[in-house]
Amino acid sequence: MNFIAAGLAVIGAALGAGLGNGQVISKTVESMARQPEMAGQLRSTMFIGVALIEAVPILGIVIAFLLVNK
């Protein structure tokens, strides 16, 4: 049962992060197309957002390891 729970935790975290990253990057590219002079600032803000979103799958992996080694 722990292995199934660990797998679900990893799958959920990966799907959530993938969708979140897609949304952030999509909106950033759209904003860059509308205001090219803001591209540098938008890009740096996008990288910060993507880094924060990527923390979620890392937490999912930690939870999965905790469930497997229980």
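Residues numbered from 1 in each chain as written. Predicted model: local features only at pLDDT ≥ 70, side-chain atom pairs only at ≥ 80, totals over all residues. Heavy atoms only, no water.

Caption draft 1: Inspection of the overall build of the chain at higher detail. Along its length, the chain carries two helices and zero strands. In terms of C-alpha radius of gyration, the chain reaches 16 Å, well past the compact-globule figure of 11 Å for 70 residues. C-alpha atoms of the chain, sized along the principal axes, occupy 50 × 15 × 5 Å. The buried share among the 70 residues of the chain stands at 21%. Intrachain contacts of the chain at a sequence separation of at least 6 include 76% that bridge at least 24 residues. For the chain, the accessible surface area stands at approximately 5100 Å², while carbon and sulfur atoms represent 74% of it. (Helix = DSSP H or I, 4+ residues; strand = E, 2+ residues; numbered from the N terminus. Rg over C-alpha atoms; globule rule 2.2 N^0.38 Å. Buried < 20%, exposed > 50% of the residue type's maximum accessible area, 1.4 Å probe, protein only. Contact = heavy atoms within 4.5 Å. Areas by Shrake-Rupley, 256 points an atom, 1.4 Å probe, with all protein chains shown as cover.)

Caption draft 2: Focus on the pattern of salt bridges. For the structure on display, the rule yields one salt bridge. Of the charged contacts in the structure, one is a salt bridge between Arg34 and Glu30, with a shortest N-O distance of 3.4 Å. Remark: Glu30 and Arg34 occur in helix H1 (residues 2-34); sequence separation between them is four residues, near one turn of the helix. The class of Arg34 is exposed, set by a relative accessible area of 65%. (Salt bridge = Lys/Arg side-chain N within 4 Å of Asp/Glu carboxyl O.)

Caption draft 3: Spotlight on a nonpolar patch on the surface. Residues Met1, Ile4 and Leu8 make up a contiguous nonpolar surface patch of about 400 Å² in total accessible area. With respect to the secondary-structure elements, Ile4 resides in helix H1. (Patch = residues over 30% accessible without salt bridge, like charges linked within 9 Å, V, L, I, M, F, W, Y side chains within 5 Å.)

Caption draft 4: The arrangement of H1 in detail. The first and last C-alpha atoms of H1 sit 48 Å apart over 33 residues, in line with the 48 Å expected at 1.5 Å per residue. Taken as a whole, H1 has its buried residues at Ala6, Ala13, Ala17, Gly20, Asn21, Thr28 and Met32. Against the buried residues of H1 lie helix H2 (39-68). (Expected span 1.5 Å × (residues − 1).)

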